[in-house]
Amino acid sequence: MTTMSLSPRATAVAARATELSKVYGHGETQVVALDRVSVDFAQGQFTAIMGPSGSGKSTLMHCVAGLDTFSSGSVRIGETELGSLKDKQLTQLRRDKIGFIFQAFNLLPTLTALENITLPMDIAGRKADKQWLDKVIEMVGLSGRLTHRPTQLSGGQQQRVAVARALASRPEIIFGDEPTGNLDSRSGAEVLGFLRNSVRELGQTVVMVTHDPVAASYADRVIFLADGRIVDELYGPTADGVLDRMKAFDAKGRTS
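A brief report on the enclosed structure follows. A quick note: this is a predicted structure, and the numbers were derived from the prediction, not measured.

## Observations regarding the sheet that holds strand β7 (residues 173-177)
Next, step 1: An order of β6-β7-β8-β3-β9-β10 is seen for the six strands of this open sheet, with the pairing classed as mixed. Of all the strands in the sheet, just β6 (98-102) and β10 (229-235) have a single pairing partner and so form its edges. Put simply, the sheet's adjacent strands are angled 20° from each other on average, direction ignored.
Next, step 2: Bridge count for β6 against β7 is five bridges, and the pairing is parallel.

Here is the structure:
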C-alpha cells in the first residue's frame, strides 16, 4: 500500500479550542462542563468525540461550533476568534463556514429534498455551485429523490438530505451531533460512509459526537472526554479498540 504525503490542507487547523471552560451555575450548584480543554481539529480529518454521559462531549462541540457560549478560553474557526464576534457576525460565520448534522434530521416538511439541501444558501442569498452540488448529491445517492418531500423519504434518506445540506455550501468544517442516533445500523453505516467519503474525496473536515464505538471507527481520530477534560485519544480507531478504551474509563470511574 502506498502512503500519500499530507497536503498543506491536511495539516492546517480547521478549528481550535484553547483552555476552553464552560461552567453552569454558582457556588454549591456549580457544574464544570468543560475544564480548560485545549484541542485542534485538523483540516481534511474526521474526528469523533466520545465519553460517558455528562463528560462534556456535546458541550465541547456546541462551544466550538458557536452554538453555545463558553465561560473562558478561546475558540477559533480558521483564523476567526469566536469570542470577539457579535451575535450577527456569529450567525453569519455559522451560516457561511460551518455545516451541521443533528440526530433529528431538521428538514422542513413543505420543501423537497433539493430545496432542503440548498436552503441555507437560499437564505444567505447565494447561488449553489452547480458542479459541486451535483457531486455531493451523487455521492449521497439522492439523484432520484430530489423532488420528494421528507415524508416520502425513509429516515436514512432524510439524513442523507441533511448530510448533503451540510456539504452543499462547502463549509470549512462540519459538526455532527449523534448523526446516526435515530437510524438503524444499515442506514447509519451508509451515512457514516458518506461522511468518511466527504473527508477522503472532497477534503472535508468533520467533527462528530457519538456514543457508538462502531460509528467512531469511521473516524481518523477519536478523542475521549471524562469530567470535562480530554483524557485520551486514538488514531486509526477500530470499533473494538474504542470499546476497550471506553471500558477502561468505566472501570477507572468505578474504582476512583
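## Concerning the packing of aromatic side chains
Describing an aromatic ring pair means giving the distance of the ring centres and the angle of the ring planes.
Next, step 1: Applying the stated criterion across every chain yields a total of two aromatic pairs.
Next, step 2: Aromatic pair Phe100 and Phe102: ring centres 5.8 Å apart, planes at 10°, arrangement stacked.
Next, step 3: Judged by its relative accessible area of 26%, Phe102 falls in the partly exposed class.
Next, step 4: Between Phe100 and Phe175 the ring centres are 6.5 Å apart and the planes differ by 25°, which places this aromatic pair in the stacked class. In this pair, Phe100 sits in strand β6 while Phe175 sits in strand β7, placing the two residues 75 residues apart along the sequence.

## What about the sheet that holds strand β4 (residues 72-77)?
Next, step 1: The four strands lie next to each other as β2-β1-β4-β5, forming an open sheet whose pairing is antiparallel. Sheet topology places β2 (31-42) and β5 (80-81) at the edges, where each strand pairs with a single neighbour.
Next, step 2: Pairing of β4 with β5, which is carried by two bridges, proceeds in the antiparallel orientation. For Ile77, the partnering residue across the bridge sits in β5 and is Thr80.
Next, step 3: Running over the sheet, helix α2 (residues 57-64) touches β1 (13-24), β2 and β4 and is turned about 120° from β1.

## What to know about the packing of helix α4 (residues 113-124) against helix α6 (residues 155-168)
Helix-helix packing is characterised by the crossing angle of the two axes and by the distance between the axes.
Next, step 1: Where α4 meets α6, the axes come as close as 8 Å, and the angle between the chain directions of the two elements is 30°. With respect to their mutual orientation, α4 and α6 come out roughly parallel. Crossing geometry of α4 relative to α6 is assigned as right-handed. Packed against α4, whose contacting residues are Ala113, Asn116, Ile117, Pro120 and Met121, the element α6 presents Val161, Ala164, Arg165 and Ala168 at the interface.

## Structural notes on the pairing of strand β8 (residues 206-209)
Next, step 1: Taking every second residue as pointing to the same face, both faces of β8 are buried, with Val206 and Met208 on one and Val207 and Val209 on the other.
Next, step 2: Relative to β8, strand β3 (residues 46-50) runs parallel, the two being bridged by four bridges. Bridging from a neighbouring strand, Phe46 pairs with Val206 of β8.
Next, step 3: By the bridge criterion, four bridges tie β7 to β8 in an arrangement that is parallel. In the sheet register, Ile174 faces β8, and the bridge partner there is Val206.
Next, step 4: In this view, the connection linking β7 to its parallel neighbour β8 by way of helix α7 (residues 185-202) has right-handed handedness.

## Remarks on the pairing of β1
Next, step 1: Bridge count between β1 and β2: eight bridges; the pairing is antiparallel. Looking across to β2, one finds that Leu20 is bridged to Val37.

## A word on the environment of Ala33
Next, step 1: In this structure, Ala33 sits in strand β2.
Next, step 2: With a relative accessible area of 11%, Ala33 lands in the buried category.
Next, step 3: In sequence terms Ala33 and Lys22 are 11 residues apart; their C-alpha atoms lie 5.4 Å from each other.
Next, step 4: Excluding residues that lie within four positions of it along the chain, Ala33 makes contacts with Lys22, Tyr24, Ser55, Gly56, Thr59 and Gly228.

Parameters at a glance
- Residues numbered from 1 in each chain as written.
- Predicted model: local features only at pLDDT ≥ 70, side-chain atom pairs only at ≥ 80, totals over all residues.
- Heavy atoms only, no water.
- Pairing = 2+ DSSP bridges.
- Helix = DSSP H or I, 4+ residues; strand = E, 2+ residues; numbered from the N terminus.
- Axes fitted to C-alpha atoms, helices over the stretch in contact; angles between N-to-C directions.
- Phe/Tyr/Trp six-rings, centres within 6.5 Å; stacked < 30°, edge-to-face > 60°.
- Buried < 20%, exposed > 50% of the residue type's maximum accessible area, 1.4 Å probe, protein only.
- Contact = heavy atoms within 4.5 Å.
- Parallel < 35°, antiparallel > 145°, perpendicular 65-115°, else oblique.
- Left-handed = near helix turned anticlockwise from the far one by under 90°.
- Right-handed = clockwise from strand over helix to strand, strands pointing away.

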